[in-house]
Amino acid sequence: MSATPGENGLYGAAPREQEDQPLRPTDLSELLKEGTKESHEKAENTKFVKDFLKGRIKRELFKLATGALYYTYSALEEELDRNKGNPAITALYFPQELHRAEALKKDVAYFYGEDWEDTIQCSEAAQAYVDRIHHLGRHKPELLVAHAYTRYMGDLSGGQVLKKVAQRALHLPSTGEGIQFYLFDNVTNAQQFKQLYRARLNTLELSDEAKKSIVEEANKAFQFNMNVFEELDKIGATIPDEPQEDGLPVHDGKGDTRKCPYYAAKGECAVASGCPLHAAMALTGRPEVKAMLAAFAAAIVATIAWYLM
Ligand code: HEM
């Protein structure tokens, strides 16, 4: 596939020699990795992210998070498109491989319905993030590098795990509806692509001062993301719990699990699910069925004993 001006070809066809260069501490990729370490740790430890990884995500919250991502990526990619002729952006411009706005449109249509454009709203925290991206796109385009790095490198790092967690916890179809955001169809090897992206970051001709500003902006990008997570958490606290398949509450083996509403609900669901195996498994857990099975087993043993005598 040929690349149009200001657009990289599919990364398989991109020059490879830059990737093999040894890294120096003054390389932008290294400065970004080191300079955002603390922010990364904070982001990993937010309640929203930790709960998500455990499969404790409510469908309504996932829908809102998808909406926030839709606004964020629409703004980011609008500004990357607008500035693709800027040398700082050109080297990192990979619309075919990375851009997420089109995938997110499909996801919001799945969650909000076909009239999603009339119902979806940009939250306060997402709007602040979007405003910052547009401001940079118009006044300091080279700082968009920080926002592209923070989101795309993060998505390529944890996307596959998060996709599976969301599919399982929210019972999303295995055919991919609702999780298009996590599917990078044009990136066959995420690790290799990240290497190329890092190499491209290091080819940017930037002063030390400019590199410092990009690292500072990347920390801001992390903070914008954490603000969105925090806002979602607050909303999540007001949404009633939904029964979930994953993230079983941990029982210590003591006490009676039948008194746990979650386990009780799971029993009911299994019977209602229509699967004979699940229904049988659930039924055998009930005390009245256990008693019947014990009586039945005792009758068989008694019959065999009588026959043998
Ligand atoms: C529990 C949540 C998270 C986990 C477990 C996680 C894990 C990781 C791991 C293992 C890497 C290294 C990948 C590699 O070097 O190939 C990575 C890189 C990265 N992550 Fe995360 N991450 C999480 C959340 C986030 C969030 C919320 C963001 C930003 C919004 C983010 C942004 C990044 C970025 C920018 C990188 C690239 C670092 C670099 O190599 O320069 N991560 N993450």
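Computed from a prediction, not measured in an experiment: that's the story for all the values here.

Structural notes on the pattern of salt bridges
Right, on to step 1. Enumeration according to the criterion identifies 10 salt bridges in this entry.
Right, on to step 2. A salt bridge links arginine 24 to aspartate 27, with the shortest nitrogen-to-oxygen separation between them at 3.2 Å.
Right, on to step 3. The salt bridge partner of lysine 37 is glutamate 34, with a shortest N-O separation of 3.2 Å.
Right, on to step 4. Residue class for lysine 37 comes out partly exposed when judged on its relative accessible area of 44%.

Some points on the packing of aromatic side chains
Two numbers describe a pair of aromatic rings. These are the distance of the centres and the angle of the planes.
Right, on to step 1. The full count for this structure, using the stated rule, is 14 aromatic pairs.
Right, on to step 2. Considering the side-chain rings of tyrosine 73 and phenylalanine 181, the 5.4 Å spacing of their centres and the 65° angle between planes classify their relative orientation as edge-to-face. With tyrosine 73 in helix α4 (residues 59-82) and phenylalanine 181 in the loop between α10 (144-169) and α11 (190-203), this residue pair connects regions lying 108 residues apart in the sequence. Here tyrosine 73 and phenylalanine 181 have matching classes, each one buried.
Right, on to step 3. One aromatic cluster in this structure is built from Phe48, Phe52, Phe62, Tyr110, Phe111 and Phe229.

Considering helix α9 (residues 124-139)
Right, on to step 1. The end-to-end C-alpha separation of α9 is 22 Å, in line with the 22 Å expected for 16 residues at 1.5 Å each.
Right, on to step 2. Of the residues making up α9, those classed as buried are Ala125, Ala126, Tyr129, Val130, Arg132, Ile133, His134, Leu136 and Gly137.
Right, on to step 3. If you follow the buried residues of α9, they end up packed against α4, α10 and α12 (208-236).

Quick notes on the nonpolar core
In summary, soluble globular proteins display a tendency toward joint burial of nonpolar side chains.
Right, on to step 1. In this structure, Phe62, Val145 and Tyr197 are the most contacted members of the largest nonpolar core, which totals 71 residues.
Right, on to step 2. No other element matches α10, which puts 11 residues into this core.
Right, on to step 3. With residues up to four places along the chain from it excluded, the contact list for tyrosine 197 reads Leu92, Phe94, Leu98, Ala148, Tyr149, Tyr152 and Met153.

Re α11
Right, on to step 1. The terminal C-alpha atoms of α11 lie 20 Å apart, and with 14 residues this matches the ideal 20 Å at 1.5 Å per residue to within 8%.
Right, on to step 2. Listing the buried residues of α11 in full gives Phe193, Lys194, Leu196, Tyr197, Arg198, Ala199, Arg200 and Leu201.
Right, on to step 3. Residues of α11 that are buried sit in contact with α1 (28-35), α6 (95-98) and α10.
Right, on to step 4. For α11, the side-chain oxygen to backbone nitrogen distance between the N-cap and glutamine 191 is 3.1 Å, and the N-cap itself is asparagine 189.

Brief notes about the coordination of the iron atom of the ligand
Right, on to step 1. Among protein residues, the single donor to the iron atom of the ligand is His40 (NE2), with a metal-donor distance of 2.1 Å.
Right, on to step 2. In this structure, histidine 40 sits in helix α2 (residues 37-44).

Describing the environment of valine 130
Right, on to step 1. As for its position among the elements, valine 130 is in helix α9.
Right, on to step 2. A residue is classified by how much of its surface remains accessible, and valine 130, at 8% relative accessible area, is buried.
Right, on to step 3. Each C-alpha atom, one on valine 130 and one on tyrosine 71, is 6.9 Å from the other, the two residues being 59 residues apart in sequence.
Right, on to step 4. In contact with valine 130, not counting residues within four places along its chain, are Tyr71, Thr72 and Ala75.

A few points about the site of the ligand
Right, on to step 1. Neighbouring the ligand are 17 residues; His40, Leu53, Tyr149, Lys194 and Arg198 lie closest to it.
Right, on to step 2. A distance of 2.8 Å is found between a nitrogen atom of the ligand and a side-chain nitrogen or oxygen belonging to histidine 40.
Right, on to step 3. At a separation of 2.5 Å, an oxygen atom of the ligand approaches a polar side-chain atom of tyrosine 149.
Right, on to step 4. When residues of the shell around the ligand are traced back to their parent elements, those giving at least two are α2, α3 (47-53), α10, α11 and α12.
Right, on to step 5. Top contributing element to the shell around the ligand by residue count: α10, with 5 residues.

Cut-offs used in this document
All chains use their own residue numbering, which begins from 1 and follows the written sequence. Owing to the predicted nature of the model, reporting of local features is limited to residues with pLDDT of at least 70; listing and counting of side-chain atom pairs is limited to 80 or more, with chain, interface and lining totals taken over all residues. Think of the side-chain values as coming from all heavy atoms in the structure, minus any hydrogens and water. Whenever a carboxyl oxygen of Asp or Glu lies within 4 Å of a side-chain nitrogen of Lys or Arg, that contact is scored as a salt bridge. For each residue, the accessible area found with a 1.4 Å probe, counting protein chains only, is set against the maximum for its type, and the residue is called buried under 20%, exposed over 50%, and partly exposed in between. Only rings of Phe, Tyr and Trp enter the pairing, Trp through its six-membered ring, and a pair is recorded when the two centres are within 6.5 Å. The plane angle decides the type: under 30 degrees is stacked, over 60 is edge-to-face, the rest tilted. Strands here are runs of E lasting at least two residues and helices are runs of H or I lasting at least four, both read from the DSSP assignment and numbered beginning at the N terminus. Expected span of a helix: the number of residues minus one, times 1.5 Å. For this analysis, residues touch if any pair of their heavy atoms sits within 4.5 Å. As used in this record, nonpolar core signifies buried Ala, Val, Leu, Ile, Met, Phe, Trp, Tyr and Cys residues forming a set joined through side-chain atoms within 4.5 Å. Two N or O atoms count as a polar contact when they lie within 3.5 Å, although within protein this holds only if one can serve as hydrogen donor and the other as acceptor, and sequence-adjacent residues are included solely when both atoms are side-chain atoms. Metal coordination here is assigned from N, O and S atoms located within 2.8 Å of the ion, or within 3.2 Å for Na, K and Ca; omission of water means that sites may look incomplete. Nearness here has a simple test: a residue counts as near a molecule or strand if at least one of its heavy atoms is within 4 Å of that partner.

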